[in-house]
Amino acid sequence: MLGNLSAEGGLPYKYWPSRGTVSPADNAIRRFLAARALAQLGELRASAELREAARRNLRYTLDRYFRDIGGGRGAIVEPTGAKLGAAALAALAILESPARREFLPQLTMLAAGVESLADAEHGFRTFFFPPGRDGENWNFYSGEALLFWAEALRRGAGFAPSLERCTAAFERCCARHRGARNPAFVPWHTQACAALFAHTGRRAFAGFAFEINDWLLAMQQWDGLPPDLRGRFYDPGRPEFGPPHAASTGAYLEGLADAAALARALGQGTRAASYDRAIDRGLRSLRQLQFRDWRDAFYVSRRARVMGALRTEVYDNAVRVDSAAHALTAAVKILRPMEFGIRGPAAG
């Protein structure tokens, strides 16, 4: 990531190693994931260089996408529209940034934007505009929004919703997921549940995180596959869940890292061990996809641009910034697990 960061703070969204060119594709959500991941690593290592890289990247990305959409609301606007998930992740990246004071106006307006998409039936609507796309990507965006709310509440932000409002959205999301389970729902809602449990000690949040991650484990492939493919998450019987992808594996590991920390905190050793095994296998899958030295990149003309990056799959060497971001955030969570204060009677 540092090797591809421009002086202004920009990172390419997608790179084609074989061609040695940047793809014209773009995605604001995945760019904000990168800003967040860089900041997290900067905090883990107490690195001024990484913190400054994260700050420049966040500034660059906000300047490119943030817009005032009226009514005190801010949104992340792309040519295809304005998504709940983009607003929530941009706000989360600011909230977690050590440079957050620089971006407080944008954070306040993004928080108002997320609040405006709260929905009494579904937990959240998913698009500011165009209205015809509302409802798309609900499994992703509802979890990203709930995680932002949960972290705002846990950190005592002035714009944070009440615990009752968070709980109501959580319950609506639970009910909808149980009616139509989808793996895309799992990692974001797991992280939201972990933050809500850390704030309240309520076992309902931990219990749901265990429920959805126990269900997810069956999607991780291992036996009967060539060695290079083991550890990825893919259900060939349900292709509508999406193809295997380094970014997906990294995202699932983010949720599993929090679920494992929860299980250990609650004395559920067997469950924690099953999550740890899935994490180990997932990390192995990502290491198989990483450009680590010249042997992995013997055919690449611009090797410095790909060192450390993750290929999409063993048969697809396209590099995306969110693959690195998810894997990096998962690694930080594994190295520094979330801590939970178990609160006696309130934990019931």
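Above this text sits the structure in question.
Worth saying up front: this structure is predicted, and the values here are computed from it rather than measured.

### A look at the packing of aromatic side chains
By the definition in use, this model includes twelve aromatic pairs. Ring geometry for Phe127 and Tyr141: centres 6.2 Å apart, planes at 55 degrees, overall tilted. Taken as a pair, Phe127 in strand β8 (residues 127-129) and Tyr141 in helix α5 (residues 138-154) lie far apart in primary sequence, 14 residues in all. Residue Phe127 shares its accessibility class with Tyr141, and that shared class is buried. Ring centres of Phe185 and Phe208 lie 6.0 Å apart, and the angle between their planes is 85 degrees; on these two criteria the pair is classed as edge-to-face. Taken together, the positions of Phe185 in the loop between α6 (163-179) and α7 (186-200) and Phe208 in helix α8 (residues 203-216) put the pair 23 residues apart, joining distant regions of the chain. Judged by relative accessible area, which is 2%, Phe208 ranks as buried. Positioned above the aromatic ring of Trp16 is the side chain of Arg19, whose terminal nitrogen or guanidinium carbon lies 4.3 Å from the ring centre. Directly above the aromatic system of Trp138 lies the positively charged group of Arg176, at a separation of 4.2 Å from the ring centroid.

### Structural notes on the nonpolar core
Leu62, Ile76, Val114 and Phe148 are the most contacted members of the largest nonpolar core, which has 108 residues in total. Beyond its immediate chain neighbours, meaning those up to four positions away, Phe148 contacts Ala88, Ala91, Leu92, Leu95, Leu107, Ala111, Val114 and Phe159. Grouped together as the second largest cluster of nonpolar side chains are seven residues, Phe291, Ala297, Val306 and Val319 included.

### Description of the environment of Phe124
Here Phe124 lies in strand β7 (residues 123-124). C-alpha separation for the pair Phe124 and Ala145, spaced 21 residues apart in sequence, amounts to 7.9 Å. The residues touching Phe124, leaving out its near neighbours within four places in the chain, are Leu84, Val114, Leu117, Ala118, Asp119, Trp138, Ser142, Ala145, Leu146, Trp149 and Ala169.

### A word on the sheet that holds strand β9 (residues 311-313)
Taken together, the four strands give an open sheet; going across it, the order is β2-β1-β10-β9, and neighbouring strands pair in antiparallel fashion. The sheet terminates laterally at β2 (21-22) and β9, the two strands that pair on one side only. In this structure, β9 lies alongside strand β10 (residues 316-320), joined through two bridges in antiparallel fashion. Each residue of the ladder has a partner; that of Glu313, found in β10, is Asp316.

### Overview of the side chain of Lys333
If you trace the backbone, Lys333 turns up in helix α11 (residues 321-335). Look at Lys333 and you get buried, because its relative accessible area is 14%.

### Let's talk about a nonpolar patch on the surface
Judged by side-chain polarity, Trp294, Phe298 and Tyr299 come together as a nonpolar surface patch covering roughly 380 Å² of accessible area. Summarising the element assignment, Tyr299 is placed in the loop between α10 (269-289) and β9. For Tyr299, a relative accessible area of 36% corresponds to the partly exposed category.

### Description of the state of the cysteines
Scanning the model with the defined rule gives zero disulfides in all. Not engaged in a disulfide, the cysteine Cys166 finds its nearest cysteine sulfur in Cys173; these two sulfurs lie 11 Å apart. The structure places no disulfide on Cys193, whose sulfur is separated from the nearest cysteine sulfur, that of Cys174, by 6.1 Å. For Cys193, a relative accessible area of 1% puts it in the buried group.

About the cut-offs
Residues numbered from 1 in each chain as written. Predicted model: local features only at pLDDT ≥ 70, side-chain atom pairs only at ≥ 80, totals over all residues. Heavy atoms only, no water. Phe/Tyr/Trp six-rings, centres within 6.5 Å; stacked < 30°, edge-to-face > 60°. Helix = DSSP H or I, 4+ residues; strand = E, 2+ residues; numbered from the N terminus. Buried < 20%, exposed > 50% of the residue type's maximum accessible area, 1.4 Å probe, protein only. Lys NZ or Arg CZ within 6 Å of the ring centre and 35° of its normal. Core = buried A, V, L, I, M, F, W, Y, C linked by side-chain atoms within 4.5 Å. Contact = heavy atoms within 4.5 Å. Pairing = 2+ DSSP bridges. Patch = residues over 30% accessible without salt bridge, like charges linked within 9 Å, V, L, I, M, F, W, Y side chains within 5 Å. Areas by Shrake-Rupley, 256 points an atom, 1.4 Å probe, with all protein chains shown as cover. Salt bridge = Lys/Arg side-chain N within 4 Å of Asp/Glu carboxyl O. Disulfide = S-S within 2.5 Å.

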